[in-house]
Amino acid sequence: MELLSLTVNSNSLAVLQALEDGLKKADADPSVKAVMICGENGKFSAGADIRGFSSPKRHGGALGPIVSLIESSEKPVVAAIEGVALGGGLEVALGCHYRIAHVKAWMGLPEVTLGLLPGAEGTQRLPRLIGVPTALDMITTGKHIPATEALKLGLVDEIVEENTIEAAIRLANKVIGQPLGPRRLSLKPVPKVPNMEAFLREAAVKVKQQARGCLAPELCLQAVRAATETPFAEGVRRERELFRVLLSSGQAQALQYAFFAERAVHRWATPAGASWSSAAPQPVCKAAVIGLGTMGRGIVTSLVKASIPVVALEQDLEYLNKGRKAVMLLLEREAMKMEGGAQSLDFHNPARLQFTVDFDLLHDVDLVIEAVFENMALKKEIFHKLSKICKPGALLCTNTSALNIDEIASATSRPQQVIGTHFFSPAHVMRLLEIIYGRHTSPTAIATAMQLAKTLKKVGVVVGNCFGFVGNRMMFPYVQQAVFLLEEGSRPEAVDQVLEDFGFKIGPFRMSDLAGLDVGWRSRQGQGLTGPSLPAGTPARQRQGQRYSPLPDLLCEHGRFGQKTAKGWYQYEKAGGRTATPDPWLHSFLSRYRDTHGIKARFIDQEEILERCLFSLINEGFAILAEGIASGPEHLDVIYINGYGWPRHRGGPMFYASTVGLPRVLDKLQKYSEAHPDVPGLRPSAFLKKLVAVGNPPIKEWMSYLSQQSSKL
Ligand SMILES: CC/C=C\C/C=C/C(=O)SCCNC(=O)CCNC(=O)[C@H](O)C(C)(C)COP(=O)(O)OP(=O)(O)OC[C@H]1O[C@@H](n2cnc3c(N)ncnc32)[C@H](O)[C@@H]1OP(=O)(O)O
């Protein structure tokens, strides 16, 4: 036998054992001259079994010694990489003396995204192979790189377009007898950069800033630093130490939960029993977008990037030209980030992107996304037209953040084809797509919208129809608490700081200034909560017997709409400016407001700010689950992580509640509710109470306490 071939699809215990046995056998057998390691079914390895990290019987540290064993083999070992080589899979390849990859293969060390670091000596070998700056980037971001890039970086020795295994065998035969010392990465020095210390210091600042409280990127950097400062064996010891810290940090569990939650929501189901097994998606070969405001522009860009031909429609030529310019600018920027540039997107080709004011051009599209502003009458008028013009079977989507899908569908003759697709701004960047089915929406429509999300590289989450759906409905009590805290004595910058320290990308007041205070003002006017339709004599701080804060309305009446007017909860350098500065005017405005309403300002500590904002949001989440609006807590968590800047390393609001402990959440809500009996959002939901009463079960069992529901986790 000239060559032994080993397969390493997943780094389960059995595979590791087989790898070790195979290597030992190859070393002991004089007839074996070289070893080739490959995967099965066109995939090298997706790395360790992620579920294994939270299992009590985890085989910690088992892979590192095997990678060392591969490297120390006296016979050349060649990795034949097809499909993916990720995490532990790539670390195995780094132990090999040669790496050959298929041109379509992808490689990366994504452990950081799971709250870990490449704990099988990857933090020590990769910098020795491709240099510290590039290795650090790969290890701290976890990004996957294509084989072509891996070749340029020197991560692989060769890429092939045909049979990778045959090419690897050819290479193995060619190198038999050549010295292996120079191919053993553990023996190589780490390539120098001019001022390593300054480079690492700067990198540490950048990584910490971007990590927003997530430990893994910082510890990844420390492990790479060890590679630059200590011999290989010492670096490996440090790597293992840091790996153990991460494994027991709690963040790893949250990030791994998030990984599986995103996959679980893909297996959508409705209370009526519809799911992938009962519905197939319809093909979307051509789409239309109505309305080229901020949302419409992003949606068009997203569709073009996904190579779906688009017809973009506006109400008149003035709006159309404005929208066209903005879309072209977005597409040009996106094209610059892509390898093939503008050519690859081909957006100047009218067959790919057409701008029009003529509704009739929508007659042959497979799907329409209406993205005009939030006005029910306008949306109904558009859907009425669509139901007359569009071909039978065309999916009619509305990009609304709160409005009733059934009412919009009632304007059509085909409510089964109407569905909510709630994009998040900027729509070509944000990963979340909330997909809302109405009473009549067909399973095919849901499947088609879910498939569209995948094509657009977004995470689609199927939810039921209620005001604000899942994301915004949970956001209302959170924002309401933030404003109540101002009434009681806090300041916008104090509230924002607490929530940003928790890990939110942006606190509620900075967010409100960014989105524009006028958006909510219009909606409240529409609901009759403020403005001319408010009945005379309505108490300033009460609506329907519940506490209400007119603060945001008063700010709007002062023309303070946020960034766009250079003033909102903060002040900005100019209209459209981004730098929020605390505003003395706002502080004295708050004092005057409290005096007017006889409110005695008090000091509010960070714990109260955090708990009242987060626990009221979580409380609404339990109500949503009990009503069957979402089929599991993972749906709520995926929505919050991908659409609302919730820190991923805290796993989403419902996972966070499970880590705080439901009895504590209930206890605190009860306390705050007693202090604020006129705030329904603080009144503990019946489902939360039930879960506490049955003994605080783990999150994956929650849904079994509601009849006919089961978790997808
Ligand atoms: C002591 C230290 C020892 C070792 C250090 C090593 C650590 C590691 O290796 S950590 C793992 C690193 N690997 C990854 O993070 C890869 C994760 N997977 C992916 O990125 C993707 O799944 C993919 C790119 C490999 C494939 O993507 P796609 O084709 O879109 O399929 P899905 O993502 O839907 O996945 C299909 C199916 O497979 C499950 N799965 C994928 N990878 C893993 C894994 N590493 N462990 C466990 N399960 C995995 C995924 O959950 C899907 O299954 P379900 O639909 O049932 O959830």
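Scroll up a little and you will see the structure.
Residues numbered from 1 in each chain as written. Predicted model: local features only at pLDDT ≥ 70, side-chain atom pairs only at ≥ 80, totals over all residues. Heavy atoms only, no water.

A. Inspection of unusual backbone geometry at higher detail. Cis rather than trans, the peptide bond between serine 425 and proline 426 has omega equal to -10°. With respect to the helices and strands, the residue proline 426 is situated in the loop between strand S14 (418-423) and strand S15 (432-437). In this structure, aspartate 346 is a non-glycine residue whose phi angle is positive, near 55°. In this model, alanine 566 sits at a positive phi of 65°, which is unusual for a non-glycine residue. Tracing the backbone through its elements, the reader meets alanine 566 in the loop between helix H22 (551-557) and helix H23 (584-596). (Helix = DSSP H or I, 4+ residues; strand = E, 2+ residues; numbered from the N terminus.)

B. View of the nonpolar core. By size, the foremost hydrophobic cluster in this structure holds 102 residues, and its most contacted members are Leu386 and Leu614. In terms of residue count, helix H24 (residues 606-626) provides more of this core than any other element does, ten residues in total. In this structure, leucine 614 is in contact with Tyr478, Leu499, Phe502, Phe504, Trp646 and Tyr656, ignoring residues within four places of it in sequence. Counting 61 residues, the second largest nonpolar core, distinct from the first, contains Val67, Ala85, Leu136 and Leu219. (Core = buried A, V, L, I, M, F, W, Y, C linked by side-chain atoms within 4.5 Å. Buried < 20%, exposed > 50% of the residue type's maximum accessible area, 1.4 Å probe, protein only. Contact = heavy atoms within 4.5 Å.)

C. Fine view of the pattern of salt bridges. As enumerated under the stated definition, the model contains 39 salt bridges in all. Linking arginine 602 and glutamate 488 is a salt bridge whose minimum nitrogen-to-oxygen distance equals 2.8 Å. Highlighted residues: arginine 602 in the loop between H23 and H24 and glutamate 488 in helix H18 (residues 471-488), separated in sequence by 114 residues. We classify arginine 602 as partly exposed; its relative accessible area is 34%. Across the salt bridge formed by lysine 668 and glutamate 607, the nearest N and O atoms sit 3.0 Å from each other. Of this pair, lysine 668 sits in helix H27 (residues 662-675) while glutamate 607 sits in helix H24, placing them 61 residues apart in sequence. Its relative accessible area of 10% is what places lysine 668 among the buried residues. One continuous salt-bridge network, built from bridges that share partners, spans Glu487, Glu488, Arg541, Arg547, Arg602, Glu608 and Arg612. (Salt bridge = Lys/Arg side-chain N within 4 Å of Asp/Glu carboxyl O.)

D. Molecular detail of the site of the ligand. The environment of the ligand is formed by 21 residues, the closest being Ala46, Ala48, Ile50, Gly88 and Arg263. In this structure, alanine 46 approaches the ligand through a main-chain N or O atom, which is 2.8 Å from a nitrogen atom. Between the ligand and arginine 263, the relevant distance is 2.7 Å, taken from an oxygen atom to a side-chain nitrogen or oxygen of the residue. Across the complex, the protein chains shield 68% of the 1,100 Å² of accessible surface that the ligand would expose by itself. If you list the elements that add at least two residues to the shell around the ligand, you get helix H3 (88-95) and helix H11 (251-266). In terms of residue count, the dominant contributor to the shell around the ligand is H11 (three residues). Its residues placed into classes, the shell around the ligand shows ten nonpolar, six polar and five charged. (Near = heavy atom within 4 Å. Polar contact = N/O pair within 3.5 Å; in protein donor to acceptor, adjacent residues only side chain to side chain. Areas by Shrake-Rupley, 256 points an atom, 1.4 Å probe, with all protein chains shown as cover. Nonpolar A, V, L, I, M, F, W, Y, C, P; charged D, E, K, R; others polar.)

E. Highlighting the side chain of threonine 412. Relative to the assigned elements, threonine 412 resides in the loop between helix H16 (405-409) and S14. Look at threonine 412 and you get buried, because its relative accessible area is 11%. In this structure the side chain of threonine 412 is engaged in a polar contact, spanning 2.8 Å, whose partner is the backbone oxygen of alanine 409. Here arginine 414 takes part through its backbone nitrogen, which lies 3.1 Å from a polar atom of the side chain of threonine 412. Once you skip the residues sitting within four places of it in the chain, threonine 412 turns out to touch Phe383, Ser387, Leu396 and Val418.

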